[in-house]
Amino acid sequence: MTKDFWHNNFKGDRTIWIIFFALIIISAIEVYSASSSLAYGPKSNGNFNGPIFRHLILSCVGIGFAFGFHLVNINRWARIISIAGWPICIAWVLYVSFTGNAVNGAARWATIPHTGIQLQPSELLKLAYIVFIAYIFSCFPSYEESKKKIFAWLIPICLLTVFAIGKDNTSNAILILTTSCLVFCLAYAKSKWLITGVLSLTIAGTIGIAFVKTDIFQDVKNSSRGFGRLGTGFERVERFVNAKEPGDKDFKITDKNFQPIHGKIAIANSHGLGVLPGRSKERDVLPQAYSDFIYAIIIEETGIFGGALVLFLYLLLLFRVGRIIALSKSRFAAITAAGLGLMLVLQALINVCVAVGLIPVTGQPLPLISRGGTSAIVISIYFGILLSISRYECEEQENNKKGNATTETVAETA
């Protein structure tokens, strides 16, 4: 009965469903452990289970959205979603950036009137942007014949999206640019574009690090303090490049390096095997143990094996997305899957790299594992759309192949 229920109700790529539920289960365990500062903080009012109950409710809402979207054939609604979704989201993000609720110096949150519910419109914009550029790519299948029209559409759309999000979230802007470059390379499947994209990103990163070492950087950083979080982003890059490690002369833990240093301490506390869930020490010290640095807590509690399992799930998801791209009949569906899959996995890799100290602190949550509201629900929609594409594109194609094979067998028998 259980097998029939699963087969009849949960369509699409079964592996993606397994990854989705595995991440939610890991999230429930780790958020419950890592949110002790919330459960026993001054704002808890004695409701120690409040944070985990909130997280579980949002997880259930996310499952509902994923299930609902996987039932809808996105190809049928592509034009409406693309043309209406992106302009509405871009207008909302720009409006919120000037009138929304500021948190940590960034106006990212919008409050729904009479409900008290807060949303982060930039997360919705990322989703709408991927669907919109996929629709544009599907309208111009040939690069050589339509390259002027493609760039005439894509460059303004990309720059406006990056500006709207980057004003208050530099890391999201970089994530969008990187995803856009990779999607462009995949859309036309030419090795020269892929090589050019990788080299461009590498050169840009190298120039950026070298730029931090110059005197000009100080002037740019100081002049950008009034422009959203751009100044904060410059400061984080500077601290990362010039960071001192424990054992260095004049090293001390300050407010500026508190999170990355204690993230490394959490990883060191694991001693490779972990201290078991619920026994983390750094969860009571790290301010964002349940969000930005939850991967460090995962390693502290479950060791390198737990950390490797989480990474494996995201990389397996990327592999399954590649399968969806290969089997999709529709160019729109294939590029949408590529964009959503890359956006999700790149965000996960950024969070992991921050936790282990490979890149500066960015504020990117670990998709579907970190405690969150809008982000968790939108990521669930990502999964729902991927499952919808695999259901209506890949399964139909596989069924056609099976049908053709059966027909050939019958013909040979006759």
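Only a predicted model underlies this, so the values are computations on that prediction, with no experimental measurement involved.

Definitions and limits used
- Residues numbered from 1 in each chain as written.
- Predicted model: local features only at pLDDT ≥ 70, side-chain atom pairs only at ≥ 80, totals over all residues.
- Heavy atoms only, no water.
- Helix = DSSP H or I, 4+ residues; strand = E, 2+ residues; numbered from the N terminus.
- Buried < 20%, exposed > 50% of the residue type's maximum accessible area, 1.4 Å probe, protein only.
- Contact = heavy atoms within 4.5 Å.
- Areas by Shrake-Rupley, 256 points an atom, 1.4 Å probe, with all protein chains shown as cover.
- Core = buried A, V, L, I, M, F, W, Y, C linked by side-chain atoms within 4.5 Å.
- Salt bridge = Lys/Arg side-chain N within 4 Å of Asp/Glu carboxyl O.
- Phe/Tyr/Trp six-rings, centres within 6.5 Å; stacked < 30°, edge-to-face > 60°.
- Lys NZ or Arg CZ within 6 Å of the ring centre and 35° of its normal.
- Polar contact = N/O pair within 3.5 Å; in protein donor to acceptor, adjacent residues only side chain to side chain.

**Student:** When you look at the overall build of the chain in this model, what are you seeing that I'm missing?
**Tutor:** For the chain, the count of helices and strands is 15 helices and three strands. Counting over 414 residues, the chain shows a buried share of 46%. Nonlocal contacts in the chain, meaning residues at least 24 apart in sequence, comprise 71% of its contacts between residues at least 6 apart. Only carbon and sulfur atoms are counted for the fraction: they give 66% of the accessible area of the chain, which is about 20800 Å².

**Student:** Can you help me understand the nonpolar core in this one?
**Tutor:** The tendency in soluble globular proteins is for nonpolar side chains to be buried side by side. Formed by 92 residues in total, the largest nonpolar core has its most connected members in Leu317, Leu366, Ile369 and Phe383. When residues of this core are assigned to their parent elements, the largest contribution, 15 residues, is made by helix H14 (residues 331–355). Contacts of Ile369, omitting those with residues within four sequence positions, involve Leu23, Ile26, Ser27, Val31, His55, Ile294, Ile298, Val310 and Tyr314.

**Student:** In this structure, what is going on with unusual backbone geometry? I would like to understand it.
**Tutor:** Excluding glycine, residues mostly carry a negative phi; peptide bonds, for their part, are mostly trans. Despite not being glycine, Leu276 shows a phi value in the positive range, around 85°. Of note, Leu276 is situated in the loop between helix H12 (258–269) and helix H13 (294–327). Phi is positive for Leu368, which is not a glycine, with a value near 70°. Locating Leu368 in the fold gives a position in the loop between H14 and helix H15 (374–413).

**Student:** What is the right way to look at the pattern of salt bridges in this model?
**Tutor:** A pair can form between side chains of opposite charge whenever their charged atoms are brought close. Per the stated rule, a full pass over the model turns up three salt bridges. Across the pair Asp13 and Arg320 runs a salt bridge whose closest N-O atoms are separated by 3.0 Å. Of this pair, Asp13 sits in the loop between helix H1 (2–9) and helix H2 (14–34) while Arg320 sits in helix H13, placing them 307 residues apart in sequence. The two residues Asp13 and Arg320 agree in class, both being buried. Looking at Asp13, the relative accessible area reads 4%, which means it is buried. A network of salt bridges, in which partner residues are shared, links Asp13, Arg320 and Arg323.

**Student:** How should the packing of aromatic side chains be read in this particular structure?
**Tutor:** The final tally for this structure, using the stated rule, is six aromatic pairs. Look at Trp17 and Phe21: their rings are 5.8 Å apart centre to centre, the planes differ by 20°, and that puts the pair in the stacked class. Remark: Phe21 and Trp17 occur in helix H2; sequence separation between them is four residues, near one turn of the helix. Looking at Phe21, the relative accessible area reads 23%, which means it is partly exposed. Ring pairs connect the aromatic residues Trp17, Phe20, Phe21 and Phe383, which therefore count as one cluster. The aromatic ring of Tyr290 is capped on one face by Arg371, whose charged end is 5.6 Å from the ring centroid.

**Student:** When you look at the side chain of Ser180 in this model, what are you seeing that I'm missing?
**Tutor:** With respect to the helices and strands, the residue Ser180 is situated in helix H8 (residues 170–188). Since its relative accessible area comes to 13%, Ser180 is described here as buried. Here the side chain of Ser180 touches Tyr129 through a polar contact of 2.6 Å, side chain to side chain.

As far as function goes, none of this settles anything; it's purely spatial.
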